[in-house]
Amino acid sequence: MFKSSIGIAVLASLVGMAGCASQAEMVGAGTGAAIGAAVGGGTLSTVGGAMVGYGAGHTYDQRHR
């Protein structure tokens, strides 16, 4: 129950970031979170994956503008 609450909070924060993040950053964050959850299965790996994905999306945007 506690892990699902944290997961919902993380998802809500990602949705909140959608207002100021580009599409590539949001896709990267979502994909990274999904991969982190699949590989590690814990909250920390999900959040870590989301942060890495967000960074990759940000780098993609900088190179393709």
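Since we're looking at a predicted model, the values are computed, not measured. (Residues numbered from 1 in each chain as written. Predicted model: local features only at pLDDT ≥ 70, side-chain atom pairs only at ≥ 80, totals over all residues. Heavy atoms only, no water.)

J.: Explain the overall build of the chain residue by residue, including any values.
T.: Along the chain, the regular secondary structure elements total three helices and zero strands. Along its sequence from the N terminus, the chain presents helices and strands in the succession α-α-α. Buried positions account for 23% of the 65 residues belonging to the chain. For the chain, the proportion of contacts with a sequence separation of at least 24, taken over those separated by at least 6, is 58%. Carbon and sulfur atoms form 70% of the exposed surface of the chain, whose accessible area is close to 4,400 Å². (Helix = DSSP H or I, 4+ residues; strand = E, 2+ residues; numbered from the N terminus. Buried < 20%, exposed > 50% of the residue type's maximum accessible area, 1.4 Å probe, protein only. Contact = heavy atoms within 4.5 Å. Areas by Shrake-Rupley, 256 points an atom, 1.4 Å probe, with all protein chains shown as cover.)

J.: How would you summarise the side chain of E25 if you had to cite specific residues and measurements?
T.: Turning to its location among the elements, E25 is positioned in helix α2 (residues 23–39). Relative accessible area serves as the criterion here: at 6%, E25 is assigned to the buried category. Setting aside its immediate chain neighbours within four residues, E25 contacts G53, Y54, G57, H58 and D61.

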